[in-house]
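Each chain, written out:
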Amino acid sequence: MTNASIRDMLKRSALTVLDRGGAVRGFVNIGRNQPLPHRIKRHMEYHTHGSYWLMHFFSNPKTTNVLMDQLKLDVRVIRCNVVKVADTLSKMVNVDAKI
């Protein structure tokens, strides 16, 4: 996947969160063209390598569902996941202080 393609996907994901009242804290590139733990079939194609990235964002559950639906339909995405860090803003501040 090219840099322009990754940039477009990240920008579209961030705009989805921002347009629905959320906030994007940042992106982390974990690795480009890394071997996957096992061969994965997605969008009628087998994949053995992929890029890993994280997007740290704040949003309501409806926005998260929209973002997940959008990423699942994108042919550039093999697998996506969302991890809930905290329930309230005050707990989020405590988690951010530890990071």
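Read on for an overview of the structure.

Definitions and limits used
Residues numbered from 1 in each chain as written. Predicted model: local features only at pLDDT ≥ 70, side-chain atom pairs only at ≥ 80, totals over all residues. Heavy atoms only, no water. Axes fitted to C-alpha atoms, helices over the stretch in contact; angles between N-to-C directions. Helix = DSSP H or I, 4+ residues; strand = E, 2+ residues; numbered from the N terminus. Parallel < 35°, antiparallel > 145°, perpendicular 65-115°, else oblique. Left-handed = near helix turned anticlockwise from the far one by under 90°. Contact = heavy atoms within 4.5 Å. Nonpolar A, V, L, I, M, F, W, Y, C, P; charged D, E, K, R; others polar. 1 Å grid on protein atoms, 1.4 Å probe; cavity = no way out; pocket = protein on both sides within 12 Å on 5 of 7 lines; lining within 4 Å. Points joined across faces, edges and corners; volume = space filled by probe spheres on them.

The description of two packed helices rests on the angle between their axes and on the distance between the axes. Between helix α1 (residues 3-19) and helix α2 (residues 61-73), whose axes approach to 9 Å, the crossing angle comes to 155 degrees. Relative to α2, the element α1 is oriented roughly antiparallel. As for how α1 packs across α2, the hand of that crossing is right-handed. Where α1 approaches α2, its residues R12, S13, T16 and V17 are matched on the opposing element by T63, V66, L67, Q70 and L71. Looking at side-chain class alone, the contact of α1 with α2 contains four nonpolar, four polar and one charged residues.

Let us look at the layout of surface pockets. Volume-wise, the largest pocket comes out at about 1600 Å³. Those elements that provide at least two residues to the lining of the largest pocket are α1, β1 (23-42), β2 (45-58), α2 and α3 (89-98). Residue contributions to the lining of the largest pocket peak at 12 residues, all from β2. A class-by-class count of the residues in the lining of the largest pocket yields 29 nonpolar, 14 polar and seven charged.

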